[in-house]
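Observations on the three-dimensional arrangement
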Amino acid sequence: YNLVRENLVAIQTKMAETRLVVREIQQRMQKKESAAIRVATELYKTGAATLAIESVLSARTLADIETKLEYLRSTQTAQSQVFERLEVDRALLAQNLRILEDARTKAVAAEGRLGDLRSQIEAKVADQQDEIDELNAAIRRAERRAAARAAAAAAEAAAAPAAAPVSGAPVNIKPAPA
């Protein structure tokens, strides 16, 4: 019973820890989703592909083209990272939700086992209480029999004629050992 109870407490502790991790991931995801929405909105508004082509075509020198392409690459990398981090957090959230569900399943099983053990213990205690009651009744019967025997012996002793000493009869007195 105690082992199952300790196991249940350990499962509940793990569930609490996992809930904290899930909450943290959800909060982080909300921030990243907001950032992703801003990036997507900005890309839509600016027509990113058109802007990239215009940037390259409007360059006056080869160095200008390289600079604008490098800027576009770094912007694209930053934008991609927003979505990649969001995807990583989604995967972490899904993993932690699976862990939480597994822990819930184990907790339900442990609680069921705990209930079964509690019922078994209560049944054993009830059986032992019945045995104790039977033993106490046997002790009371034995005490009543012993008291009845003692009363019968006392009554028998009282009914037997007592030999009273006759006055003037010689008394046999033995000297005490030295």
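Look above for the structure.
First, a word on what this report is: a plain description of the structure on this page. Once a new chain begins, its residue numbering starts again from 1 and follows that chain's sequence as written. Where local features are concerned, this predicted model is filtered to residues with pLDDT of at least 70; where side-chain atom pairs are given and counted, the filter is 80 or more; whole-chain, interface and lining totals use all residues. Note: side-chain values were computed over all heavy atoms of the structure, leaving out hydrogens and water.

Comments concerning the overall build of the protein
For clarity, the cut-off: Under the scheme used here, helices are H or I runs from DSSP no shorter than 4 residues and strands are E runs no shorter than 2 residues, and both carry numbers assigned from the N terminus. Accessible area is worked out with a 1.4 Å probe on protein chains only. A residue is then buried under 20% of its type maximum, exposed over 50%, and partly exposed in between. Two residues qualify as a contact provided that any one of their heavy atoms is within 4.5 Å of a heavy atom in the partner residue. Per-residue and other accessible areas follow the Shrake-Rupley method at a 1.4 Å probe size, with only the shown protein chains counted as cover for residues.
Secondary structure summary: the protein contains 3 helices and 0 strands in total. Within the protein, the proportion of its 178 residues that are buried is 14%. Contacts spanning at least 24 positions in sequence make up 88% of the contacts within the protein whose residues lie at least 6 apart. For the protein, the computed accessible surface area is about 14,100 Å², with 58% contributed by carbon and sulfur atoms.

Considerations on the nonpolar core
Condition: Joining through side-chain atoms within 4.5 Å is the link that ties buried Ala, Val, Leu, Ile, Met, Phe, Trp, Tyr and Cys residues into a set, and such a set is a nonpolar core.
Within the largest apolar cluster, 10 residues are counted, these being V4, L8, I11, M15, L100, A103, A107, A110, L114 and L117. Breaking this core down by element, the ones donating at least two residues are α1 (2-46) and α3 (62-159). Here this core takes 6 residues from α3, the largest share from any one element. Counting residues in each nonpolar core, the second largest holds 5 residues, with V22, I25, L86 and L93 among its members.

As for the side chain of T18
Turning to its location among the elements, T18 is positioned in helix α1. Look at T18 and you get buried, because its relative accessible area is 6%. Setting aside residues up to four positions removed in sequence, T18 forms contacts with N96, I99 and L100.

What about the pattern of salt bridges?
The test is simple: We define a salt bridge as a contact between a side-chain nitrogen of Lys or Arg and a carboxyl oxygen of Asp or Glu at a distance within 4 Å.
One pass over the structure, following the stated rule, counts 1 salt bridge. Measuring nitrogen to oxygen at the nearest pair gives 3.3 Å for the salt bridge that ties R104 to E101. Within this pair, R104 and its partner E101 are both found in helix α3, separated by 3 residues, close to a single helical turn. What makes R104 partly exposed here is its relative accessible area of 37%.

Thoughts on a negative patch on the surface
Spelled out, the test is: Any residue with relative accessible area above 30% and no salt bridge may belong to a patch, with like charges joined within 9 Å and the nonpolar Val, Leu, Ile, Met, Phe, Trp and Tyr side chains within 5 Å. Charged residues are defined here as Lys and Arg on the positive side and Asp and Glu on the negative side; His and the ends of the chain fall outside this count. A charge is said to be at NZ when it belongs to Lys, at CZ for Arg, at CG for Asp and at CD for Glu.
On the surface, a cluster of negative charge is contributed by D127, D130, E131, D133 and E134. By secondary structure assignment, the location of D130 is in helix α3. On the accessibility criterion, D130 (44% relative accessible area) is partly exposed.

Some points on a nonpolar patch on the surface
Together, Y1, I121 and V125 make up an exposed nonpolar region whose accessible area comes to about 260 Å². By secondary structure assignment, the location of I121 is in helix α3.

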